[in-house]
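# Inside the fold
This is what each chain is made of:
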Amino acid sequence: MTLDLGTTVAGVRLSFCAMNAAGSAHTAAEIRTLARSESGAVVLQTATAHPFLHPQFRSLHNPGYDKLLPFVREMAHDATKPVVASIAGATPEEYGLLAHAFSEAGAALIEVNLSDDWVAATLAPCEDTSVLGAVLHKVSAASTAPVMVKLPDRPRLAYGRLGDELRAAHVAAVVARNDFTGFEKLLLEGGGGFDIVVVGGIKSGYDVMRALGKGAKAVQVGSALVEEGPRIFARLAREMRIARGERPEER
Ligand SMILES: Cc1cc2nc3c(=O)[nH]c(=O)nc-3n(C[C@H](O)[C@H](O)[C@H](O)COP(=O)(O)O)c2cc1C
């Protein structure tokens, strides 16, 4: 019997439980190639309200959200895969504006980037529950799509308090760093009530199996995708099937 490697994150059905990490596909060509791969979703690079260029915060370089909206409309129209829009703002209002624009354009999920260094240096939402609550409530109210939050690698707030804020704002999923102080501590102390997607160091089908075995619903792949290209998703699927005891000829 062929195993189902699909999953559901925040109520969104994905045909495969691995997807790209935000920022690992930039150009139109990369995004379209990813859309044709086995990736369970297409996650866009983080967008800000205005074009962002700052030598100190290179991971946030982007042309501004309005330049990415056409991709979302195109992919939502073609319905090849769910599109995940990643957003970052300097104020709760900016997060709300971006969540509204991308969800209206057809994004299946809104990934609220709270992990970027620029976000930590400006708004610092994971240091103060009132700022975090304001961001999450703005996004939840503005978005017509489910909301997923990408946490910093080391949030200053305790996971118990983070979990309370996430549940209060009806956040449906969380992206956490795939290590003990990220993923496992969130599992142990976060209180549940949301799906967990892990990111960081995913390179093989065995890495995916380990994360799912511990309770993640899906994984994201960054550096390994950049190195190997979108065919990595077919390899991850193959390795997962072998790890689960499916013989290659059964496919
Ligand atoms: C060049 C580069 C650009 C990135 N851009 C983003 C981004 O736009 N938004 C985001 O949330 N994370 C971004 N990241 C972080 C990745 O999404 C991911 O969390 C990180 O690379 C860890 O996963 P990995 O070990 O699979 O690479 C970026 C990382 C790199 C190396």
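Here's what I pulled together on the structure shown here.

Analysis parameters
Residues numbered from 1 in each chain as written. Predicted model: local features only at pLDDT ≥ 70, side-chain atom pairs only at ≥ 80, totals over all residues. Near = placed C-beta within 6 Å. Nonpolar A, V, L, I, M, F, W, Y, C, P; charged D, E, K, R; others polar. Core = buried A, V, L, I, M, F, W, Y, C linked by C-beta atoms within 7 Å. Buried ≥ 20, exposed ≤ 12 C-beta atoms within 10 Å, placed from the backbone. Helix = DSSP H or I, 4+ residues; strand = E, 2+ residues; numbered from the N terminus. Contact = placed C-beta atoms within 7 Å. Arc of directions from axis to C-beta. Pairing = 2+ DSSP bridges. Axes fitted to C-alpha atoms, helices over the stretch in contact; angles between N-to-C directions. Parallel < 35°, antiparallel > 145°, perpendicular 65-115°, else oblique. Left-handed = near helix turned anticlockwise from the far one by under 90°.

## Quick word on the site of the ligand
Near the ligand you find 18 residues, and of these Ala21, Ala22, Gly23, Gly222 and Ser223 are the closest. Along the lines of polarity and charge, the residues of the shell around the ligand split into six nonpolar, 11 polar and one charged.

## Notes on the nonpolar core
Grouped together as the largest cluster of nonpolar side chains are 84 residues, with contacts concentrated most on Ala107, Ile110, Met148, Val174, Val197 and Val219. Tallying contributions element by element places helix H3 (residues 92-105) first for this core, with six residues. Contact partners of Val174, with chain neighbours within four places excluded, come to Met148, Val149, Leu151, Leu166, Leu186, Phe194 and Ile196.

## A look at helix H6 (residues 159-168)
Every buried residue belonging to H6 is among Tyr159, Leu162, Gly163, Glu165 and Leu166, and all of these are buried. Along the axis of H6, the buried residues cluster in a sector spanning 165°; they form a single face. Where the residues of H6 are buried, they touch helix H5 (129-142), strand S7 (147-150), strand S8 (173-177) and helix H7 (180-189). Phi turns positive one or two residues past the end of H6, at His170, with a value near 60°.

## Section: the sheet that holds S8
Spatially, the eight strands line up as an open sheet ordered S3-S10-S9-S8-S7-S6-S5-S4, and their pairing is parallel. Each edge of the open sheet carries a strand with a single partner, namely strand S3 (18-20) and strand S4 (42-43). Across four bridges, strand S5 (residues 83-87) lies against strand S6 (residues 109-113) in parallel orientation. Opposite Val84, over in S6, you have Leu109 as the bridge partner. Along the sheet, H3 makes contact with S5 and S6, crossing S5 at roughly 165°.

## Topic: the packing of H3 against H5
Contact geometry of H3 with H5 gives a least axis separation of 8 Å together with a crossing angle of 25°. By the criterion of interaxial angle, the relationship of H3 to H5 is roughly parallel. Of the two possible hands of crossing, H3 and H5 adopt the one that is right-handed. Where H3 approaches H5, its residues Pro92, Glu93, Tyr95, Gly96, Ala99 and His100 are matched on the opposing element by Ala134, Val135, Lys138, Val139, Ala141 and Ala142. Partitioned by chemical class, the residues of the contact of H3 with H5 number eight nonpolar, two polar and two charged.

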